[in-house]
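# Summary of the model geometry
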Amino acid sequence: MPSAKILEEKKKLVEELTDKVKNASSGVLVNYYKTTVEDDTKLRRELREAGVEYGVVKNTSLRFVFNNVGYSELDDKLEGMSALAICKDDAVAPARILAKFGETHKDFVIKAGFVDGKVISAEEVDALSKIPSREALLTGLASSLSGIVRGLACALQAVADKSGEAAEAAPEAAEAAPEAAEAPAAE
């Protein structure tokens with residue numbers, strides 16, 4: 001039987017991870033079987049740069065965490081080797097990075113995940129991974145808005161140019177009007 005000190009450490013770990021999972025916008029549970037140290041190091045670096053926390057956690061601890069948070073549907077996914085990736089800010093980042101990694105590493109398997117308090121299947125995690133990143137969406141939005149503003153500017157310039165032509169034509173028409181008044185009226 002484990003000592004009281006070890007049990008307290010495990011309880012503290014479960015409490016900390018429970019808080020992180022509660023505050024995360026999304027998370028992905030994976031089986032990292034046969035992932036080399038070199039590949040794992042590259043993956044962890046990419047996840048860290050995207051603001052994603054990733055770590056190997058014992059299935060027993062994860063079971064307590066998921067039950068504390070209300071994700072008990074994930075209990076049946078807690079077999080074999082498990083690692084959890086969670087992110088507070090970007091709901092798509094863990095899914096996008098892990099799915100991309102899984103495409104080139106056949107033994108790396110996405111088990112399931114969660115987004116905004118809802119458990120999702122591995123297929124739904126894959127679908128989530130195909131959504132562009134926040135930066136890509138903002139870039140697309142900025143580009144669209146830029147095109148709209150440019151179109152509006154061109155339309156306003158065309159109106160201003162046309163108004164300028166009308167203003168130039170008005171004095172010429174005024175000069176021609178007295179000459180027309182002096183000419184004899186045709187009967």
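Further up the page is the structure itself.
What you are looking at is a predicted structure, and each value in this text was computed from that prediction instead of being measured. (Residues numbered from 1 in each chain as written. Predicted model: local features only at pLDDT ≥ 70, side-chain atom pairs only at ≥ 80, totals over all residues. Heavy atoms only, no water.)

## Examining the overall build of the protein chain
On a plain count of helices and strands, the protein chain comes out with 6 helices and 5 strands. Each helix (α) and strand (β) of the protein chain, taken in turn from the N terminus, gives the series α-β-α-β-α-β-α-β-β-α-α. Of the contacts formed within the protein chain by residues at least 6 apart in sequence, a portion of 77% connects residues at least 24 apart. As displayed, the protein chain has an accessible area near 12300 Å², and 57% of this comes from carbon and sulfur atoms. (Helix = DSSP H or I, 4+ residues; strand = E, 2+ residues; numbered from the N terminus. Contact = heavy atoms within 4.5 Å. Areas by Shrake-Rupley, 256 points an atom, 1.4 Å probe, with all protein chains shown as cover.)

## Points about the packing of aromatic side chains
Aromatic ring pairs are described here by two measures, namely the spacing of the ring centres and the angle between the planes. Counted by the stated rule, this structure contains 2 aromatic pairs. Ring plane angle 80° and centroid distance 4.8 Å describe the contact between Phe101 and Phe108, whose orientation is recorded as edge-to-face. (Phe/Tyr/Trp six-rings, centres within 6.5 Å; stacked < 30°, edge-to-face > 60°.)

## With respect to the pairing of strand β1 (residues 26-31)
With 6 of its 6 residues buried, β1 lies for the most part within the structure. Burial along β1 is two-sided: the residues Ser26, Val28 and Val30 and Gly27, Leu29 and Asn31 are all buried. Across 5 bridges, the pairing between β1 and strand β3 (residues 83-87) is antiparallel. Within β3, the position partnered with Gly27 by the bridge is Ile86. Note: β1 against strand β4 (residues 109-115), 6 bridges, orientation antiparallel. Each bridged residue has a counterpart across the sheet, and for Val28 the counterpart in β4 is Gly113. (Buried < 20%, exposed > 50% of the residue type's maximum accessible area, 1.4 Å probe, protein only. Pairing = 2+ DSSP bridges.)

## Quick look at the side chain of Ser26
Here Ser26 lies in strand β1. The exposure class of Ser26 is buried, given its relative accessible area of 2%. Among the polar contacts listed, one links the side chain of Ser26 to the backbone oxygen of Ala91, at a separation of 2.9 Å. Residue contacts for Ser26: discarding those within four places in its chain leaves Ala85, Ile86, Cys87, Asp90, Ala91, Pro94, Phe114 and Val115. (Polar contact = N/O pair within 3.5 Å; in protein donor to acceptor, adjacent residues only side chain to side chain.)

## Some thoughts on the packing of helix α1 (residues 4-23) against helix α3 (residues 59-69)
Across the interface, α1 lies against α3 with an axial gap of 9 Å and an inter-helix angle of 50°. What the angle tells us is that α1 and α3 run oblique. As α1 packs across α3, the resulting crossing turns out to be right-handed. Where α1 approaches α3, its residues Leu13, Val14, Leu17, Thr18, Val21 and Lys22 are matched on the opposing element by Ser61, Leu62, Phe64, Val65, Asn68 and Val69. (Axes fitted to C-alpha atoms, helices over the stretch in contact; angles between N-to-C directions. Parallel < 35°, antiparallel > 145°, perpendicular 65-115°, else oblique. Left-handed = near helix turned anticlockwise from the far one by under 90°.)

## Thoughts on α1
Along its 20 residues, α1 runs 29 Å from first to last C-alpha, staying within 8% of the 28 Å computed at 1.5 Å per residue. When we look at burial in α1, the residues that qualify are Val14, Leu17, Thr18 and Val21. Taken around the axis of α1, the buried residues stretch over an arc of 110°, which confines them to a single face. Residues of α1 that are exposed and point more than 90 degrees away from the buried face comprise Ala4, Lys5, Lys12, Glu15 and Asn23. Packing partners of the buried residues in α1 comprise α3, β3 and β4. (Expected span 1.5 Å × (residues − 1). Arc of directions from axis to C-beta.)

## A closer look at the pairing of β3
Among the 5 residues in β3, 5 count as buried, and that is most of the element. Taking every second residue as pointing to the same face, both faces of β3 are buried, with Ala83, Ala85 and Cys87 on one and Leu84 and Ile86 on the other.

## Observations concerning the pattern of salt bridges
A full pass over the atoms with the stated rule returns 6 salt bridges. We note a salt bridge from Glu38 to Lys42, for which the minimum N-O separation is 3.6 Å. Taken as a pair, Glu38 and Lys42 lie in helix α2 (residues 37-49) at a separation of 4 residues, close to a single helical turn. For Lys118, the salt bridge goes to Glu124, with nearest N and O atoms at 3.9 Å. (Salt bridge = Lys/Arg side-chain N within 4 Å of Asp/Glu carboxyl O.)

## Brief notes about a nonpolar patch on the surface
Among the surface-exposed residues, Leu138, Leu141, Leu145 and Ile148 lie close enough to one another that they form a single nonpolar patch of about 390 Å² accessible area. Mapped onto the elements of the fold, Ile148 is located in helix α6 (residues 134-182). Given the relative accessible area of 57%, Ile148 is considered exposed. (Patch = residues over 30% accessible without salt bridge, like charges linked within 9 Å, V, L, I, M, F, W, Y side chains within 5 Å.)

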